[in-house]
Every structure is written in structure tokens, then in C-alpha cells.
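Descriptive structure summary
Residues per chain, in single letters:
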Amino acid sequence: MPSRLVVLVSGDGTNLQALIDAAGDAAYGAEVVAVGADREGIEGLARAERAGIATFVRKVGDYGTRADWDAALTEAVAEHRPDVVVLAGFMKLVGASFLERFEGRVVNTHPALCPSFPGTSGPADALAYGVKVTGATLFVVDAGVDTGAIIAQTTVPVEDADDVESLHARIKTAERAMLVESVGRMAREGISVENRRVRFGAR
Ligand code: GRF
């Protein structure tokens, strides 16, 4: 049986699309069974709908507290019985109930080389700092901001002529390839985590 992926998005969903495309090949070992979002009207949801994948939206503003939202998001994801939850450009921090329910099975992709430049402006922060190399990081989500155990990283050069947009576009190209390769390996081989060190092949 292929691994069941639930993917959470907040925007364009190009990382999601890369996973959907990869999962079209049965040998990939994973399928996207549902796509969730924290907002409506985004291309990420449209991509899922075009692919015939179930979608759901849970907006923070519709709940009295952040914890209530987190509980509702947890339930919505759990309904689809995920083996792995992929945060792919999901611009909210998931909370305690979510992490408890899916412990060790939630991964996030961040457009910088962790532990550098955590948060929502990784490409801009890397550019402003003047680094010559940056990239993207796939990690197992923990309670911190982009602090989880690192599954994979990929690097890209920063070019003299870069602005935030051109740099983020270059990162995203590398990021999609890393995400597809690593999530596929997680599905087929499993991972083990020991003292922050992640290895494929636990299965
Ligand atoms: C990615 O670079 C992700 O790491 C960041 O936002 C971007 C989302 O891109 N948090 P997309 O929605 O998958 O196209």
C-alpha cells in the first residue's frame, strides 16, 4: 500500500504539485490523499481540486482560540489517516494537539539552510545577511520554529544580481526536487531519528 500523505498549504502549492506529479507513478510509494489549508481561494487548493484530491480549510479566525483551531485542524487531518503530514508552504505553526497526534510524522520544508534564517522570510533574510550559498531544509516538525531534526538539505548559490524573488525562485526549484526525493524515500524506506540525526531505512 502506498503511504498516505496529507499536505497542508497556504499559497501557490508548487511543492504540492511536485508531490502530486511524483505520486502519479505507482513506484513512488506514496499518494496525496487530502490537501488542507488555513485560507480559501489559493492556487494550492485549486491544484488539489484539479487532481481530484479531497480538500479542507480550517481558518484560525473561525475559532475562539488558537488551541481550538489546532484541535479542529488535527481532526480534519486525522480523518484522512495520514502516514506522513507534509507542511508545504503552510504559513501557520501547528500546535500541541497536532504534534501530539502525529508525532514524528509531520515534516516541513523551509526555504533556507537551517538553523540559519528561521521564520517566514528565509530568502530575504539570507539575501540581507549576504550569504553566498543558501537553500532549503526538510525537517521533522517539533514545537520550535524551524528547529526540528533535519531530514534533507539542498543548496543553491546566491547570485550578485539576485533580489528576493529571483533567489526564492531558485530555492524553490531545488526545494521541490528535495521534497519529492525525500518524501518518496520516507514512504518507501521509513526514517529513524536518534539524537537529532535522521536516517532513511528504518523499514
Ligand atoms: C516554499 O519555498 C516554502 O518553503 C515556503 O513557501 C514556499 C511555498 O511555495 N514556506 P509553494 O506554495 O509550494 O509554491
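Residues numbered from 1 in each chain as written. Predicted model: local features only at pLDDT ≥ 70, side-chain atom pairs only at ≥ 80, totals over all residues. Heavy atoms only, no water.

1. Quick look at the nonpolar core
Of all hydrophobic cores here, the largest spans 40 residues; its most connected members are V7, L19, V32, V35, V86 and I151. Of all elements in the fold, only β1 (3-9), α1 (14-23), β2 (30-37), α2 (43-50), β4 (84-87), β6 (133-140), β7 (150-157) and α6 (164-189) reach the threshold of two or more residues within this core. There are two domains that each give this core at least three residues, and those are domain 1 (1-103) and domain 2 (108-203). Once residues within four sequence positions are removed from consideration, V35 is found in contact with V7, V9, L16, G44, L45, A48, I53, A54, T55 and F56. In terms of nonpolar packing, the next biggest core, distinct from the first, is built from 21 residues, V33, V77, F90 and V94 among them. (Core = buried A, V, L, I, M, F, W, Y, C linked by side-chain atoms within 4.5 Å. Buried < 20%, exposed > 50% of the residue type's maximum accessible area, 1.4 Å probe, protein only. Helix = DSSP H or I, 4+ residues; strand = E, 2+ residues; numbered from the N terminus. Domains from an automatic or database assignment. Contact = heavy atoms within 4.5 Å.)

2. Comments concerning the side chain of S3
Examined against the element boundaries, S3 turns out to sit in strand β1. A relative accessible area of 8% means that S3 is categorised as buried. With residues up to four places along the chain from it excluded, the contact list for S3 reads G29, A30, E31, D83, A187 and R203.

3. Points about the environment of V94
Relative to the elements of secondary structure, V94 occurs in the loop between β4 and α4 (96-101). The class of V94 is buried, set by a relative accessible area of 12%. C-alpha of V94 to C-alpha of L8: the two residues are 86 residues apart in sequence and 11 Å apart in space. In this structure V94 touches D70, L73, L87, L99 and V141, once residues within four positions along its chain are discounted.

4. Considering the sheet that holds β6
Read across the open sheet, the 7 strands follow the order β3-β2-β1-β4-β5-β6-β7; overall the sheet is mixed. The open sheet terminates on both sides in strands that have one partner only, identified here as β3 (54-57) and β7. Averaged over all neighbouring strand pairs, the angle between strand axes comes to 20°, with direction disregarded. As paired elements, β1 and β2 share 7 bridges and run parallel to each other. Looking at β2, one finds that V7 is bridged to V35. Running over the sheet, α6 touches β1, β2, β4, β5 (106-110), β6 and β7 and is turned about 150° from β7. (Pairing = 2+ DSSP bridges. Axes fitted to C-alpha atoms, helices over the stretch in contact; angles between N-to-C directions.)

5. What to know about the layout of surface pockets
Put simply, the largest pocket is a space of about 700 Å³. Surrounding the largest pocket, 37 residues form its lining, G89, F90, M91, T109 and P111 being those nearest its centre. Counting residues per element, the ones that place at least two in the lining of the largest pocket are α1, β5, α5 (122-129) and α6. When residues of the lining of the largest pocket are assigned to their parent elements, the largest contribution, 4 residues, is made by α6. The class makeup of the residues in the lining of the largest pocket is 16 nonpolar, 15 polar and 6 charged. Formed jointly, the lining of the largest pocket draws a minimum of three residues from each of two domains, domain 1 (1-103) and domain 2 (108-203). (1 Å grid on protein atoms, 1.4 Å probe; cavity = no way out; pocket = protein on both sides within 12 Å on 5 of 7 lines; lining within 4 Å. Points joined across faces, edges and corners; volume = space filled by probe spheres on them. Nonpolar A, V, L, I, M, F, W, Y, C, P; charged D, E, K, R; others polar.)

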